[in-house]
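Breakdown of the fold
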There are 2 protein chains.
Amino acid sequence: MAVAAHNADVAIDPRGESTRARILDSAEYLFSEQGMNGASLRTIVAHAGVNTAAVHYHFGSKQGLLEAVFARRILPMAEERLELLADCRAGEDRPPLLHQIITAFLEPGMRGRHGGATFARLRARMAADASDETRKLMAHYFDSSSAKFLDALADALPDLPARDLHWRFHYLLATMVYTMANPGRIQALTDNSCDPSDTDASLAYLVPYLAQCFQADPISEAPVRLDRKTNTHNSSTN
Amino acid sequence: MAVAAHNADVAIDPRGESTRARILDSAEYLFSEQGMNGASLRTIVAHAGVNTAAVHYHFGSKQGLLEAVFARRILPMAEERLELLADCRAGEDRPPLLHQIITAFLEPGMRGRHGGATFARLRARMAADASDETRKLMAHYFDSSSAKFLDALADALPDLPARDLHWRFHYLLATMVYTMANPGRIQALTDNSCDPSDTDASLAYLVPYLAQCFQADPISEAPVRLDRKTNTHNSSTN
DNA sequence: AGCTTAATCAAACGCTTGACTTAGTCAACC
DNA sequence: GGTTGACTAAGTCAAGCGTTTGATTAAGCT
């Protein structure tokens with residue numbers, strides 16, 4: 001309350017922040033809905049109710065806008081992931097339980113904060129894009145955080161060979177991204193009895209499932225053993 | 001050799017077929033590399049060395065071209081999947097071993113036939129697209145084949161509740177599609193020690209891994225049980 | 001030889017795209 | 001009271017877009 005001269009105490013520069021945010025919101029929505037090539041700047045500014053020049057004023061270019069959309073969500077998301085990881089590392093379980101680590105990774109990316117389903121679909125699109133620019137963008141914002149989770153998983157699974165750990169983390173990313181992308185295949189095949197867009201139900205199944213998958217026996221290097229009649233997994237505890 | 005009057009006995013209508021195929025090849029490549037919005041008709045015809053009008057003559061529109069690209073690969077692929085499924089159902093193992101069913105589903109989609117990595121990346125892009133048109137396209141070409149595999153899996157896993165089966169099939173699709181899309185995350189995180197673009201190595205790990213995942217205990221409906229110290233999965237049969 | 005049909009071409013159509021500019025508005029700060 | 005930062009309104013620009021046209025060619029049939 002130091003500066004009493006203000007008549008409007010809510011938000012200095014009411015135009016500045018809201019315009020920027022409205023552009024980011026519209027861009028996030030339309031990029032995720034129609035792709036980066038599919039959504040034009042004109043569509044975005046019309047949806048945001050601002051002028052075309054405002055985009056160039058704030059973000060320089062369309063690519064700059066995409067990066068801003070991405071950074072706005074990713075930075076707090078990575079932060080929350082690491083906080084949750086630190087929390088479960090400091091908890092009474094040492095090393096932390098597998099499902100705690102997995103939850104710390106998945107929750108911030110899939111729940112309502114950090115853009116929710118809209119931003120999630122955008123990330124799925126970028127994962128499928130695989131262009132050089134997109135790869136660099138993702139590497140820049142994801143690498144260090146993901147590496148820390150790989151370390152935590154290795155601690156929790158000391159007997160799992162690195163090769164298995166790596167592949168299974170790859171599959172973790174796969175299930176997360178594909179569930180976020182939600183191409184509608186599983187709904188089509190099961191009369192909507194499975195619904196990946198129900199985030200809570202999705203996570204409630206995905207987390208314990210992935211924990212089981214990580215804990216399963218390592219896959220041996222040798223080509224698939226075909227010992228008949230072994231339809232249940234052999235219980236060789238390391 | 002019946003019609004001796006022909007001087008060119010190789011392929012009637014040499015223009016028609018080769019032009020069509022060249023357009024399809026170029027479109028498949030450029031669509032998968034740059035997306036459907038990213039690759040323009042002009043880029044495609046330049047790459048194929050044909051005239052712009054040829055695309056509209058053969059396929060009607062850009063969307064028609066995409067559908068033709070899709071159909072050309074998908075139909076033989078679905079056919080091969082069902083053949084392999086029939087083979088392993090007729091084999092000596094009854095019901096067929098899990099990994100045989102999974103192989104029958106994954107192999108035709110990931111190995112060299114049916115477009116290989118190029119077409120695989122296109123499918124991954126379409127999965128992330130999730131527009132109405134794309135969903136319909138995929139539903140039309142995938143639904144019946146996938147439903148048959150769900151049935152086969154249900155036969156092989158009589159004790160697995162339908163809910164678990166559905167989610168796990170969803171995750172199977174996820175790992176397949178994400179591995180095909182190959183966003184480079186796992187290479188970046190592991191100094192290239194994991195390489196999803198090596199199809200053989202990919203499949204050699206993925207098939208037994210997925211078999212284990214399908215065979216793991218069902219996830220109970222109740223919210224995640226947090227009974228401490230149970231770092232290995234509880235062995236509640238059915 | 002004459003007619004039909006399929007395949008291909010060069011050229012253009014009307015529109016949209018991302019980028020950028022210029023002139024002007026208007027509240028907030030010094 | 002002038003300056004500044006954050007825009008708006010309106011437009012320009014070259015490039016590129018998907019699509020269409022009408023002419024041309026080649027092959028097949030009768």
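All values derive from a computational prediction rather than experimental measurement. (Residues numbered from 1 in each chain as written. Chains lettered and ligands numbered in written order. Predicted model: local features only at pLDDT ≥ 70, side-chain atom pairs only at ≥ 80, totals over all residues. Heavy atoms only, no water.)

**Examining the overall build of chain A**
Broken down by element type, chain A carries ten helices and zero strands. In chain A, the succession of helices and strands from N to C terminus is α-α-α-α-α-α-α-α-α-α. Counted over contacts in chain A with a minimum sequence separation of 6, partners at least 24 positions apart contribute 73%. (Helix = DSSP H or I, 4+ residues; strand = E, 2+ residues; numbered from the N terminus. Contact = heavy atoms within 4.5 Å.)

**Section: the confidence of the model for chain A**
Detailed reading of the predicted coordinates is not advisable wherever pLDDT is low. Residue and element names in this part refer to chain A. The share of residues in chain A with pLDDT of 70 or more is 86%, and the mean pLDDT across the chain is 86. Element-level mean pLDDT values for chain A span from 88 in helix α1 (residues 14-38) up to 96 in helix α8 (residues 162-181). This model gives residues 1-13 a pLDDT under 50, and the stretch forms one contact once residues within four places in sequence are excluded. Confidence drops under a pLDDT of 50 for residues 228-238, and excluding neighbours within four residues, the segment shows 13 contacts in the predicted structure. (pLDDT = per-residue confidence, 0-100.)

**Here we look at the domain arrangement of chain A**
Residues and elements named next belong to chain A. Annotation of chain A at the domain level lists domain 1 (14-60) and domain 2 (73-215). When each unit is reduced to the centre of its C-alpha atoms, the spacing between domain 1 and domain 2 is 28 Å. Contacts between the two partners involve nine residues from domain 1 and, on the opposite side, eight residues from domain 2. Summing both sides of the interface, domain 1 and domain 2 together bury roughly 710 Å²; the carbon and sulfur share of this comes to 53%. (Domains from an automatic or database assignment. Buried area = accessible area lost by both parts, 1.4 Å probe.)

**Section: the relation of the copies chain A and chain B**
The two chain copies are related to each other by a rotation about an axis together with a translation along it. Rotating chain A by 180° and moving it 0.1 Å along the rotation axis overlays it on chain B with an RMSD of 0.1 Å. Such a combination of rotation and displacement between the chain copies is what one expects of a two-fold axis. When the interface residues of chain A are mapped onto chain B, 100% of them are again interface residues, pointing to one common binding face. (Least-squares fit on C-alpha atoms with pLDDT ≥ 70 in both.)

**Some words on the interface of chain A and chain B**
Counting residues at the interface gives 66 residues for chain A, matched by 69 residues for chain B. Here A:D129 and B:R125 are joined by a salt bridge, their closest N and O atoms 3.0 Å apart. Our count for the contact surface shared by chain A and chain B stands at 14 residue pairs in polar contact (both at pLDDT 80 or more). Among the elements of the structure, α1, α5 (98-110), α6 (116-129), α7 (132-156), α8, α9 (185-189) and α10 (199-215) of chain A are those that each provide at least two residues to the side of chain A that touches chain B. When residues in the side of chain A that touches chain B are grouped by element, the largest group, 15 residues, is from α8(A). (Salt bridge = Lys/Arg side-chain N within 4 Å of Asp/Glu carboxyl O. Polar contact = N/O pair within 3.5 Å; in protein donor to acceptor, adjacent residues only side chain to side chain.)

**A closer look at the packing of aromatic side chains**
One pass over the full model with this rule turns up 20 aromatic pairs over all chains. Between B:F70 and B:F119, the aromatic rings sit 6.0 Å apart at their centres with planes inclined by 50°, giving tilted as the arrangement. Of this pair, B:F70 sits in helix α4 (residues 62-90) while B:F119 sits in helix α6 (residues 116-129), placing them 49 residues apart in sequence. Each member of the pair B:F70 and B:F119 is classed as buried. Taken together through their ring pairs, the aromatic side chains of A:F70, A:F119, A:Y141 and A:F142 make up a single cluster. Its guanidinium or amino end placed over the ring of B:F105, B:R81 lies 3.9 Å from that ring's centre, counting from NZ or CZ. (Phe/Tyr/Trp six-rings, centres within 6.5 Å; stacked < 30°, edge-to-face > 60°. Buried < 20%, exposed > 50% of the residue type's maximum accessible area, 1.4 Å probe, protein only. Lys NZ or Arg CZ within 6 Å of the ring centre and 35° of its normal.)

**A few points about helix α2 (residues 41-48) of chain A**
All names here are of chain A. Those residues of α2 not exposed but buried are L41, I44, V45 and A48. Across the axial projection of α2, the buried residues extend over an arc of 90°, all falling on one side. Relative to its buried face, α2 has exposed residues pointing more than 90 degrees away, namely R42 and A46. Phi for G49, located one or two positions after α2, is positive at around 70°. (Arc of directions from axis to C-beta.)

**Topic: the pattern of salt bridges**
Residue and element names in this part refer to chain A. Taken as a whole, this structure holds 22 salt bridges over all chains when the rule is applied. Residue R72 is joined to D25 by a salt bridge in which the shortest nitrogen-to-oxygen separation is 3.0 Å. Placement of the pair is R72 in helix α4 (residues 62-90) and D25 in helix α1, with a sequence separation of 47 residues. Residue classification places R72 among the partly exposed positions, given a relative accessible area of 25%. Here the salt bridges do not stand alone but share partners, grouping D25, E28, R72 and R73 into one network.

**Brief notes about the nonpolar core**
A:L106, A:F169, B:L106 and B:F169 are the most contacted members of the largest nonpolar core, which totals 88 residues. Setting aside its immediate chain neighbours within four residues, A:F169 contacts A:F105, A:S146, A:F149, A:L150, A:L153, A:F214, B:I186 and B:L189. (Core = buried A, V, L, I, M, F, W, Y, C linked by side-chain atoms within 4.5 Å.)

**Some remarks on the environment of B:D159**
Structurally, B:D159 is set in the loop between α7 (132-156) and α8 (162-181). Along the backbone, B:D159 and B:Q215 are 56 residues apart, and their C-alpha atoms lie at a distance of 9.6 Å.

**Description of the packing of α6(B) against α8(B)**
Residue and element names in this part refer to chain B. Look at α6 against α8: their axes get within 8 Å of each other, and the N-to-C directions meet at 120°. Taken as axis vectors, α6 and α8 run oblique relative to one another. Viewed along their axes, α6 and α8 form a crossing whose handedness is left-handed. Residues A120, R121, R123, A124 and A127 of α6 form the contact with α8, whose participating residues are V177, M180 and A181. Residue composition of the contact of α6 with α8, grouped by class: six nonpolar, no polar and two charged. (Axes fitted to C-alpha atoms, helices over the stretch in contact; angles between N-to-C directions. Parallel < 35°, antiparallel > 145°, perpendicular 65-115°, else oblique. Left-handed = near helix turned anticlockwise from the far one by under 90°. Nonpolar A, V, L, I, M, F, W, Y, C, P; charged D, E, K, R; others polar.)

**A short note on the environment of A:E133**
All names here are of chain A. Structurally, E133 can be placed in helix α7. Residue E133 is classed as exposed on the basis of its relative accessible area of 53%. Separated by 60 residues in the primary sequence, E133 and R73 place their C-alpha atoms 18 Å from one another.

**Some thoughts on the packing of α4(B) against α6(B)**
Residues and elements named next belong to chain B. The N-to-C vectors of α4 and α6 enclose an angle of 100°; their axes lie 11 Å apart at closest approach. In terms of orientation, α4 and α6 fall into the roughly perpendicular class. Contacts between α4 and α6 pair V69, F70, R73, I74, M77 and R81 from the former with F119, L122, R123 and M126 from the latter.

**Structural notes on the side chain of B:T19**
Inspection of the secondary structure assignment puts B:T19 in helix α1 (residues 14-34). Beyond its immediate stretch of four places on either side in the chain, B:T19 contacts B:V50, B:A54 and B:H58.

**What to know about the environment of A:A216**
Within the secondary structure layout, A:A216 lies in the segment after α10. In this structure the C-alpha to C-alpha distance between A:A216 and A:H140, which are 76 residues apart in sequence, comes to 32 Å.

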